Amino acid sequence: MSQLQEQINRVKETALEELAVVTDLTGLDEWRIKFLGKKGELTGFLRSMGAVSAEERPAVGQAVNAAKVALESAVDERAVVLKEAAIESNLASDRVDVTLPGRPVTPGYIHIINKTLRDITESFTAMGFQVYEGPEVELDYYNFELLNMPPGHPARSMHDTFYFSESTLLRTHTSPNQIRVAEKLQPPIRIIVPGKCYRSEATDATHEFMFYQCELMVVDKNVTLADLRGTLADFARRLFGQERKVRFRCDYFPYVEPGVDLSIDCGVCKGVGCRSCKYTGWLEIMGAGMIHPQVLRNVGIDPEVYSGYAAGMGPERISMLKYGIDDIRQFYRNDLRFLSQFA
Ligand code: PHE
């Protein structure tokens, strides 16, 4: 055997010895580069073939190739073993103990006002009403003017309004949506519009500067005060209980004629009179009325053909009456001790 062949054998032996002690895949790559790479030790023999005599060349070539094949198959085998070992050790170190107790997940819950809004909405959608929404930044024109409250109208002073400019404001009630929806739809209209309203008021137990309202509007042929009474009385009993008494009284809102307010008998004293109902036996829950003919004309609906009613209620007040809450500010303090009671 030539000296060269011996050298080749020696490199092969060293390579196999080193391969046996490689412990991971990075080590394997380094080994591959060292022996089989382009500048590797075994490849080095092929590059120096030019210096080998012609008769020796085939034997040397064969020896290099045989060594190469032997090393390649050795390294492939080793790779399989090391890959398996790597997977095993990953599995071992990432092991999850499925018998450990899990971390508890605290489920969220619906805010009490949203819950009341949903209850209100469901009552009316069950009766065939559609739900609409309108903008909180509103035009004076919709919030007041088209609702029969031109500039200087005394009823405007009942609304302490946040103005952005002379013509834009934060809506003080959801009634402007009567106009917005009626401008878009043709009768028959049966809608409710829930949403936030704002009034520039000092807050106290019964007043917030931000609160919700839910507007109600029906326009069709032959809609009468009897429809208003029937629908709203049914709604009030669905929400507060079938046994409750319902009372309608005259009230004034510039955009309805006649205007009414709706009360239910006090749940605390059962109508006898107590502090909650200010000794009247009744709790007011909404304002309502037959839509004023001028308001219908304002949106291009002929009051000779169509009539309708509208109502507006405050979910905060309804929640307070329903759950016996005595301070409206509780709703928006984000005190979880309060809010989680309604979870
Ligand atoms: N918009 C009135 C309020 O804010 C409620 C209302 C709505 C009254 C519709 C009559 C008709 O108090």
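Every residue gets a number counted from 1 within its own chain, in the order that chain's sequence is written. In view of the model being predicted, local features appear only for residues whose pLDDT reaches at least 70, and side-chain atom pairs are presented and counted only at 80 or more, with totals across whole chains, interfaces and linings using the full set of residues. The side-chain values count all of the structure's non-hydrogen atoms but skip hydrogen atoms and water molecules.

**A word on the sheet that holds strand 5 (residues 210–220)**
Okay, step 1: When DSSP finds two or more bridges between a pair of strands, those strands are recorded as paired. Secondary structure elements follow DSSP: runs of H or I no shorter than four residues count as helices, runs of E no shorter than two count as strands, and numbering proceeds from the N terminus. Reading across the sheet, the seven strands line up as 1-4-5-9-8-7-6 and stay open at both edges, with mixed pairing between neighbours. Each edge of the sheet is formed by a strand with only one pairing partner; in this case those strands are strand 1 (130–131) and strand 6 (246–251).
Okay, step 2: Of the pairings in the sheet, the one linking strand 8 (residues 282–291) to strand 9 (residues 307–313) comprises five bridges and is antiparallel in character. By the bridge assignment for strand 9, Ala288 is matched with Ala311.
Okay, step 3: Note on contacts: a residue pair is in contact if any heavy atoms of the two residues lie within 4.5 Å. All axes here are fitted lines through C-alpha atoms, helices being fitted over the stretch that makes contact, and every angle between N-to-C directions spans 0 to 180 degrees. The sheet contacts of helix 8 (residues 225–240) involve strand 5, strand 6, strand 7 (256–265), strand 8 and strand 9, and relative to strand 8 the element is tilted by about 150°.

**A closer look at the pattern of salt bridges**
Okay, step 1: Whenever a carboxyl oxygen of Asp or Glu lies within 4 Å of a side-chain nitrogen of Lys or Arg, that contact is scored as a salt bridge. With the rule as written, the count across this model stands at ten salt bridges.
Okay, step 2: Taking the shortest distance from any N to any O, the salt bridge between Asp234 and Arg238 comes out at 3.0 Å. One end of the pair is Asp234 and the other is Arg238, both in helix 8 and four residues apart, which spans about a single turn.
Okay, step 3: Owing to a relative accessible area of 30%, Asp234 belongs among the partly exposed residues under this scheme.
Okay, step 4: On the accessibility criterion, Arg238 (40% relative accessible area) is partly exposed. A simple rule labels every residue: compare its accessible area, found with a 1.4 Å probe on the protein chains alone, to the largest value its type can have, and call it buried under 20%, exposed over 50%, or partly exposed in between.

**Description of the site of the ligand**
Okay, step 1: The cutoff for a nearby residue is simple: one of its non-hydrogen atoms must lie within 4 Å of the molecule or strand. Taken together, 14 residues form the shell around the ligand, and within it His173, Ser175, Gln213, Tyr255 and Gly312 come nearest.
Okay, step 2: Pairs of N or O atoms are called polar contacts if they sit within 3.5 Å, as long as, within protein, a hydrogen donor faces a hydrogen acceptor (for residues adjacent in sequence, only side-chain-to-side-chain pairs). His173 is positioned such that a nitrogen or oxygen atom in its side chain is 3.0 Å from a nitrogen atom of the ligand.
Okay, step 3: The side chain of Arg199 places a nitrogen or oxygen atom 3.3 Å from an oxygen atom of the ligand.
Okay, step 4: Accessible areas in this description were obtained via Shrake-Rupley with a 1.4 Å probe; residue shielding takes into account the shown protein chains only. Bound to the protein, the ligand loses 89% of the 330 Å² it would expose on its own.
Okay, step 5: Element by element, the count of residues in the shell around the ligand is highest for strand 9, at three residues.

**Some words on unusual backbone geometry**
Okay, step 1: Put simply, Pro187 and Pro188 share a cis peptide bond, and its omega is 5°.
Okay, step 2: By secondary structure assignment, the location of Pro188 is in the loop between helix 7 (176–184) and strand 4 (189–198).
Okay, step 3: Of note in the backbone geometry, Asn222 takes a positive phi value of approximately 60° without being a glycine.
Okay, step 4: Locating Asn222 in the fold gives a position in the loop between strand 5 and helix 8.
Okay, step 5: When its relative accessible area of 68% is taken as the criterion, Asn222 is described as exposed.
Okay, step 6: Despite not being glycine, Asn334 shows a phi value in the positive range, around 55°.
Okay, step 7: Within the secondary structure, Asn334 is located in the loop between helix 10 (315–323) and helix 11 (336–339).
Okay, step 8: For Asn334, a relative accessible area of 58% gives the class exposed.

**Side note on the UniProt feature "binding site: Mg(2+)" (unreviewed entry) in the chain**
Okay, step 1: UniProt positions are given in the numbering used here, feature names are shortened, and annotations may be inferred rather than shown by experiment. Under the present numbering, the feature "binding site: Mg(2+)" (unreviewed entry) in UniProt falls on Glu257.
Okay, step 2: Counting through the fold element by element, Glu257 comes out in strand 7.
Okay, step 3: The contacts of Glu257, once residues within four sequence positions are left out, are Met290 and His292.

**Details of the pairing of strand 7**
Okay, step 1: Among the ten residues in strand 7, eight count as buried, and that is most of the element.
Okay, step 2: Here six bridges tie strand 6 to strand 7, and the two strands are oriented antiparallel to one another. The partner of Arg247 across the bridge, within strand 7, is Ser263.
Okay, step 3: Joining the antiparallel neighbours strand 6 and strand 7 is a turn of four residues.
Okay, step 4: Sheet topology places strand 7 next to strand 8; eight bridges connect them, and they run antiparallel. Bridge pairing in strand 8 places Asp265 opposite Trp282.

**So, the nonpolar core**
Okay, step 1: Only buried residues count toward a nonpolar core. Its members are Ala, Val, Leu, Ile, Met, Phe, Trp, Tyr and Cys residues joined through side-chain atoms within 4.5 Å. With 32 residues, the main nonpolar core has Ile120, Phe124, Leu216, Leu232, Met286, Tyr309 and Met313 as its most contacted residues.
Okay, step 2: Elements with a minimum of two residues in this core: helix 5 (112–125), strand 5, helix 8, strand 7, strand 8 and strand 9.
Okay, step 3: When residues of this core are assigned to their parent elements, the largest contribution, seven residues, is made by helix 8.
Okay, step 4: If near-sequence neighbours (up to four positions away) are discounted, Phe124 is found in contact with Phe129, Ile192, Leu216, Thr231, Leu232, Phe235 and Met313.

**A word on the domain arrangement of the chain**
Okay, step 1: Source of the domain bounds: an automatic or database domain assignment. According to the domain assignment, the chain consists of domain 1 (3–93) and domain 2 (112–342).
Okay, step 2: Taking the mean C-alpha position of each, domain 1 and domain 2 sit 87 Å from one another.

**Here's the deal with the packing of helix 1 (residues 3–21) against helix 2 (residues 25–36)**
Okay, step 1: At their nearest, the axes of helix 1 and helix 2 sit 11 Å apart, and the two run at 175° to each other. Judged by the angle between their axes, helix 1 and helix 2 are roughly antiparallel. Contacts from Val11, Thr14, Ala15, Glu18 and Leu19 in helix 1 reach Leu28, Trp31, Lys34 and Phe35 in helix 2.
Okay, step 2: Tallied by class, the residues present in the contact of helix 1 with helix 2 amount to six nonpolar, one polar and two charged. Reported orientations rely on four angle classes, namely roughly parallel under 35 degrees, roughly antiparallel over 145, roughly perpendicular from 65 to 115, and oblique for the rest. By the convention adopted, Pro, Cys, Tyr, Trp, Phe, Met, Ile, Leu, Val and Ala count as nonpolar, Lys, Arg, Asp and Glu as charged, and the other residues, Gly among them, as polar.

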